[in-house]
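Observations on chain architecture
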Amino acid sequence: MTEQALMEVMTAAANPRRGASRLRLLDPALIGAVLIAALIVLALVAPMVSGHDPALNNLAQRLQPPSGQHWFGTDQFGRDLFTRVFVAARIDLLLGLLGALIPAVIGIGLGCAAGYFGRWVGTIVLRLADVIQSFPNYILVIALVLLLGPGPKSFLVGAAISAWVTYARLVRGVVLRIRSNDYIAAAQAAGLGHRRVLTRHVLPNALPQAIVYGASDLVLSLGFLCSLSYLGLGVQPPAIEWGQIIAEGQTFLRTQWWISIAPGLAIIYVGIAVRLIAVGMERRTTE
Amino acid sequence: MIEAEASTSSKAGVLRIANLVVQAGRGQDMTAPVTDVSLDVCRGEAFGIVGESGSGKSLTLRAVIDLLPEGLRRSGGSIAVRLDEGADWVSDVATLRGRGISMIFQEPMTALNPTMRVGDIVTVGARAHRGLSRTQAHDLAVELLAEVRLPDPEAQVRKWPHQLSGGQRQRVMIAMALATDPKLLLCDEPTTALDVEVQDQILQLLDRIRRDRHLAVIFVTHDLGVIRRLCERIAVMYAGQVVEQGTVRDVFAAPTHPYTAGLLASMPTLDSDPAHPLTAIPGGQPDPRERRGGCRFADRCEHDQPDCHTMTYALGPVRGHASLSACRRADELTGALS
Amino acid sequence: MTSHRFAFIGKRIVQTIPLLLVVLVAVFSMLKLVPGDPARQVAGPRASEAQIAVVREQLGLNESLPAQFFGYLSRIVHGDLGMTANGALHVSDVIRQNAPVTALVLSITIVFTALIAIPLAMLASHRPNGVIDRGLQVMATFGVGIPTFWMGIVLLAVVALPTGAFPTGGWGDTFAEQLRASTLPALALSISVAPILFASLRSSIIEVKRSDYYTAARAAGVEGSRLIRKFVLRNAAVPPIALLAALTTILLSGVVVVEATFGLPGLGQTLVEGAKKRDFNVVQGLTLLFTVCVVGVNLLGDVLIAIVDPRVELS
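Here's a quick rundown of the structure. Predicted model only: the values in this text are computed from it and were never measured. (Residues numbered from 1 in each chain as written. Chains lettered and ligands numbered in written order. Predicted model: local features only at pLDDT ≥ 70, side-chain atom pairs only at ≥ 80, totals over all residues. Heavy atoms only, no water.)

Attention now goes to the overall build of chain B. For chain B, the helix and strand inventory stands at 11 helices and 11 strands. Rg of the C-alpha trace for chain B: 21 Å, near the compact-globule value of 20 Å for 338 residues, within the 12% margin. If you line up chain B on its principal axes, its C-alpha atoms span 65 × 50 × 45 Å. With 338 residues in all, chain B has 55% of them scored as buried. Of the roughly 14,800 Å² of accessible surface on chain B, a fraction of 48% belongs to carbon and sulfur atoms. When the 37 basic and 42 acidic side-chain charges of chain B are each reduced to a single mean position, those positions are 5 Å apart. (Helix = DSSP H or I, 4+ residues; strand = E, 2+ residues; numbered from the N terminus. Rg over C-alpha atoms; globule rule 2.2 N^0.38 Å. Buried < 20%, exposed > 50% of the residue type's maximum accessible area, 1.4 Å probe, protein only. Areas by Shrake-Rupley, 256 points an atom, 1.4 Å probe, with all protein chains shown as cover. Lys, Arg positive; Asp, Glu negative; His and termini not counted. Charge placed at Lys NZ, Arg CZ, Asp CG, Glu CD.)

Here is the structure:
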């Protein structure tokens with residue numbers, strides 16, 4: 001329900017008013033995709049572009065403001081921030097994506113099963129969902145950190161355990177709705193096995209909504225990852241990650257604020273791009 | 001401006017609509033679901049507005065009480081109401097809501113606030129305007145629920161809407177409308193959503209209430225049976241315009257517009273000849289965005305001539321009839337239409 | 001309230017018990033899943049085998065699993081959450097000491113969230129899809145996309161550091177100081193949470209305004225505050241209340257982060273430190289506490305809905 005209300009707000013926010021037909025020509029999905037692609041490219045080539053090694057300490061150059069030599073300035077070890085931020089994008093984008101993809105797969109699968117097979121399969125899935133949703137996300141992952149140690153593993157396992165629930169509920173709803181449609185019954189009457197019916201008929205209807213929610217989930221997943229790393233429980237040095245950079249920079253907030261601010265802007269950038277893609281795709285599915 | 005014969009001058013007029021235009025959308029997307037509608041209603045009269053869905057009849061009614069849905073607004077013409085003889089005509093109709101004008105709606109299942117008890121719903125308007133105390137409101141609610149023939153009113157007052165059937169809820173809605181002691185009652189398809197037997201009861205109820213309280217009532221409906229049963233004068237609407245106006249007797253016996261004739265022909269009656277098939281009017285109302293000049297019914301009319309598609313004709317008198325018609329060929333066609 | 005509704009509430013309470021049990025089992029299992037020998041870890045690296053055996057006895061690790069679980073249950077019921085890793089403090093005491101900090105921050109956050117979301121939702125629903133509404137929707141989308149901790153840092157950089165009106169970290173001794181220390185953290189957290197409440201409330205208000213009973217009320221001449229109170233709010237409040245559980249989850253997660261950003265000595269920081277120091281009892285105890293809170297709020301939400309919406313009945 002939260003997600004639906006939020007989705008409504010999001011899509012309305014991005015859709016032009018009825019009279020502004022010109023804006024309609026700009027496809028948000030395209031813009032979003034371009035933004036992400038640009039980031040990926042820069043992430044891959046940043047060290048070459050800037051000419052700096054992200055891990056190289058250069059204490060003579062520590063805490064420099066943005067300049068011609070260091071486009072984003074330097075951090076407390078003299079490392080070039082520009083390079084670090086964009087190299088960090090590799091991990092953040094990858095883990096953020098996985099943190100949404102893995103739960104999506106689990107959730108869609110369980111949701112389909114719950115809706116399709118009904119009865120006690122559905123009940124089990126729903127009860128499980130209830131229990132899991134009682135655990136606040138962060139608490140669950142922090143507990144996992146206790147068990148598995150800090151790092152991406154805890155994050156991904158935590159996401160896999162907790163984030164599938166919304167996907168499942170969403171997909172189950174869709175499946176229940178179309179289950180009453182005749183063509184499902186027709187397919188079953190024609191003797192098509194369960195797997196066939198599921199992949200050919202059920203899934204294509206369930207996916208669009210799930211994907212649209214998935215975009216929103218991706219943003220949440222990324223935020224979650226960065227928060228975790230910020231707390232020191234996520235990606236550990238020497239790997240470079242946005243939340244980590246922000247944490248390191250907080251001590252110098254008064255005078256060298258760019259260290260903490262830049263990665264945050266990157267996070268917001270990704271958020272906007274992903275939302276645009278989501279809006280564009282939602283528009284497509286409703287046409 | 002059409003003066004509907006001698007009605008407003010000899011009897012007391014209650015409602016006067018002149019050249020009403022209702023618009024939707026802005027700029028290029030603008031359409032006008034109601035264009036140039038004029039009609040008058042007198043004290044204690046039962047007036048019917050009949051037409052298909054999309055004819056603009058409901059919107060006309062909503063305009064009278066200034067409750068047009070989102071995105072729609074009144075953009076032309078005037079509406080004036082005079083509740084008592086000798087009082088002035090009031091054009092700010094919004095102020096008369098619950099203070100002389102009341103309205104009942106089509107869908108009883110959704111028209112009652114689910115989080116309020118029946119008794120409170122009935123008297124909410126009355127309490128707002130007349131400052132009744134709780135006991136006074138309670139007594140009024142019981143009284144009204146009895147008037148609308150709801151059994152055991154004392155018990156009903158404390159019930160929640162979801163505990164009542166559709167017919168019961170409609171009675172509650174009528175009670176709510178009566179609570180503010182209206183002189184003009186607007187009814188938007190009051191029985192369409194009800195079962196057939198219940199429809200009959202509600203119609204009887206409305207008729208009786210009108211007579212007892214000497215109310216002016218406007219019934220908007222697509223059901224000619226309702227019209228014939230309850231109304232004295234009617235206006236027939238098509239594609240946003242009034243195409244015929246007159247007494248029920250005149251219009252039913254001798255329609256002066258091809259559309260009315262078509263409507264009547266498609267209505268089954270007890271004395272319909274089973275051998276004679278019901279005729280439906282082929283086609284549908286024109287899309288408001290695609291209106292060109294000329295008569296809007298011309299494309300579906302079997303009596304159309306080339307001029308009909310280019311020249312419009314406002315409501316006007318027809319030779320030998322008391323009704324008004326918007327058909328330019330009305331004079332010639334009178335025989336052919338009955 | 002009718003007896004129907006009492007029965008419904010009772011039923012819901014009863015339904016919550018199995019959920020709580022499962023939660024307890026899950027939290028209990030946490031400890032069991034830890035790699036390594038808990039007795040050895042509690043006894044310390046320099047303990048002898050005999051000492052470890054004693055600790056193992058103390059921890060009840062020699063008994064069967066169900067027995068251990070019941071032991072755990074009975075300890076919980078008596079409020080005993082075990083000792084901290086260094087053996088110095090009762091976990092329940094630590095919690096009791098740090099809870100007020102978290103409670104204050106959460107309370108102020110809730111106030112801020114309501115102050116932001118409710119008026120803006122009413123404003124936005126006044127003219128749906130109008131200029132103001134669109135603007136607010138864009139802002140809401142934005143607000144959700146900003147990570148809470150970063151928002152906190154921005155607030156530090158932009159408000160606390162330049163003006164000095166708010167502390168940049170730490171708690172205070174007097175209540176006034178504590179309020180001031182809570183302001184920016186609460187603000188950062190509510191900026192993340194308010195858009196969700198806003199979206200839900202706006203959506204349900206618009207739906208109410210489109211309803212037949214709202215139009216019928218206006219037709220009867222009901223207007224102003226009476227219209228809003230009896231027709232809009234009473235009906236529009238239900239979906240947001242249903243959101244309560246989700247919001248609580250987000251709030252509890254967020255408060256952990258926000259306490260870290262501002263260095264507040266609350267339960268969030270206790271939890272994070274506990275995880276870093278591998279203090280099992282602390283993490284386990286706090287997990288239990290937070291989860292029980294969510295379940296409790298969920299139940300409360302259902303009870304509230306039963307009170308507000310007369311259609312809720314024993315099905």
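Let us now look at the interface of chain C and chain A. Facing the 58 residues of chain C at the interface are 46 residues of chain A. Summed over both partners, the interface of chain C with chain A comes to about 4,500 Å²; 77% of that surface belongs to carbon and sulfur atoms. For the chain C face of the interface with chain A, the top three residues by lost area are R134, F149 and W150 of chain C, together amounting to 14%. One can count 0 salt bridges joining chain C with chain A. (Contact = heavy atoms within 4.5 Å. Buried area = accessible area lost by both parts, 1.4 Å probe. Salt bridge = Lys/Arg side-chain N within 4 Å of Asp/Glu carboxyl O.)

In this section: the sheet that holds strand β1 (residues 13-24) of chain B. Residues and elements named next belong to chain B. Spatially, 3 strands are ordered β2-β1-β4 in an open sheet, and the strand pairing comes out antiparallel. In this open sheet, the two strands that pair with only one neighbour each are β2 (31-42) and β4 (72-81). Between one strand axis and the next, the sheet turns through 5° on average, direction left out of account. Inspection of the sheet shows β1 paired to β2 by 7 bridges, in the antiparallel sense. Paired with A24 across the two strands is T31, which belongs to β2. Most of the contacts of helix α2 (residues 57-64) go to β1, to which it runs at about 115°, and overall it touches β1, β2 and β4. (Pairing = 2+ DSSP bridges. Axes fitted to C-alpha atoms, helices over the stretch in contact; angles between N-to-C directions.)

Attention shifts here to the nonpolar core. In terms of nonpolar packing, the biggest core is built from 247 residues, with W242 of chain A together with L15 of chain B touching the most fellow members. Ignoring anything within four residues of it in the chain, the contact list for L15 of chain B reads L39, D40, V41, V64, I79, A80, V81, W89, L184 and I218 of chain B. Membership of the second largest hydrophobic core comes to 7 residues, among which are A129, W164, V165 and A168 of chain A. (Core = buried A, V, L, I, M, F, W, Y, C linked by side-chain atoms within 4.5 Å.)

It is worth spelling out the sheet that holds strand β8 (residues 233-238) of chain B at this point. All names here are of chain B. An order of β5-β6-β7-β3-β8-β9-β11-β10 is seen for the 8 strands of this open sheet, with the pairing classed as mixed. One side of each edge strand has no neighbouring strand; the edge strands of this open sheet are β5 (101-104) and β10 (316-317). Note that β10 and strand β11 (residues 324-325) share 2 bridges and pair antiparallel. Pairing of G316 across the sheet is with S325, part of β11. Each of β5 and β6 (184-188) touches helix α6 (residues 166-179); the most contacted strand, β5, lies at about 170° to it.

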